[in-house]
Amino acid sequence: MVQCSSYTAAFITYGLYINVMIMDCLAGSNFIGMVVSNAMQKTVKVKVTRPVVHPIVRKTIKSHKNYLAHDENQLCDLGDIVRIEACRPLSRRKHFTVAEIVRSAKGNLKTTTNTTTTTAAAAATTSSNNNNNNSTTA
């Protein structure tokens, strides 16, 4: 018993005990699942499927659980594959945040829309630079 208290006291003195406790609690709290609902504001419902072996038949069965996750920028669409990670409780049922979008359901539409706007802006600046170059040479 004394060793446990001195062990925790050593961690507390170095400031590592709290970090170790948090990392132990959140170690198995990353899941990959599919977005099944995004009807709420800044919240998505993620279906996480995992294989479970039936205790009698010894056959693998798919089991699933739905988690509510916080999506701050509202980037998730239906069918996206996302990685969620545990965080502090944000509401009664929401204890996860969307860490990243692993695969988009509609391809990479989010990145293509951003690149088209940037390419249009780049084309506009190049054309204005070309006009400036032509005026100085003439």
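With that settled, consider the sheet that holds strand β1 (residues 30–40). A barrel is described by the order of its strands in space; here five strands give the closed sequence β1-β2-β3-β5-β4, paired in mixed fashion. The sheet shows a mean angle of 50° between the axes of neighbouring strands, direction not considered. Direction of pairing for strand β4 (residues 81–86) relative to strand β5 (residues 94–103): antiparallel, over a ladder of six bridges. Note on β5: the bridge partner recorded for isoleucine 81 is arginine 103.

To continue, consider unusual backbone geometry. In this structure, arginine 58 is a non-glycine residue whose phi angle is positive, near 60°. Structurally, arginine 58 is set in the loop between β2 (43–53) and β3 (60–70). On the basis of relative accessible area, arginine 58 is assigned to the exposed category, the value being 63%. At glutamine 74, a position not held by glycine, the phi torsion is positive, near 55°. When you line up the elements, glutamine 74 lands in the loop between β3 and β4. Residue classification places glutamine 74 among the partly exposed positions, given a relative accessible area of 48%.

Turning next to the pairing of β2. Note that β1 and β2 share four bridges and pair antiparallel. The partner of valine 35 across the bridge, within β2, is valine 46. Counting the residues that bridge the hairpin from β1 to β2 gives two residues, and of these lysine 42 lies at a positive phi of roughly 60°. Inspection of the sheet shows β2 paired to β3 by 11 bridges, in the antiparallel sense. What sits directly across from valine 52, in β3, is isoleucine 61. The hairpin formed by β2 and β3 contains six residues between the paired strands, and arginine 58 there has a positive phi angle of roughly 60°.

Attention now goes to the pairing of β5. Pairing analysis gives three bridges linking β3 to β5, with the strands arranged parallel. What sits directly across from alanine 69, in β5, is phenylalanine 96.

Further remarks concern the pattern of salt bridges. Counting across every chain of the model gives three salt bridges. Residues glutamate 72 and lysine 42 are paired through a salt bridge, measuring 3.2 Å at the closest nitrogen-oxygen approach. Here the residue glutamate 72 occupies a position in the loop between β3 and β4, and lysine 42 occupies one in the loop between β1 and β2, the gap between them amounting to 30 residues. By relative accessible area, which is 45% here, glutamate 72 ends up partly exposed. According to the relative accessible area criterion, lysine 42 is partly exposed, its value standing at 35%. Ionic pairing is found between arginine 83 and glutamate 100, a salt bridge with its closest N-O pair at 3.1 Å.

About the thresholds
- Residues numbered from 1 in each chain as written.
- Predicted model: local features only at pLDDT ≥ 70, side-chain atom pairs only at ≥ 80, totals over all residues.
- Heavy atoms only, no water.
- Pairing = 2+ DSSP bridges.
- Helix = DSSP H or I, 4+ residues; strand = E, 2+ residues; numbered from the N terminus.
- Axes fitted to C-alpha atoms, helices over the stretch in contact; angles between N-to-C directions.
- Buried < 20%, exposed > 50% of the residue type's maximum accessible area, 1.4 Å probe, protein only.
- Salt bridge = Lys/Arg side-chain N within 4 Å of Asp/Glu carboxyl O.

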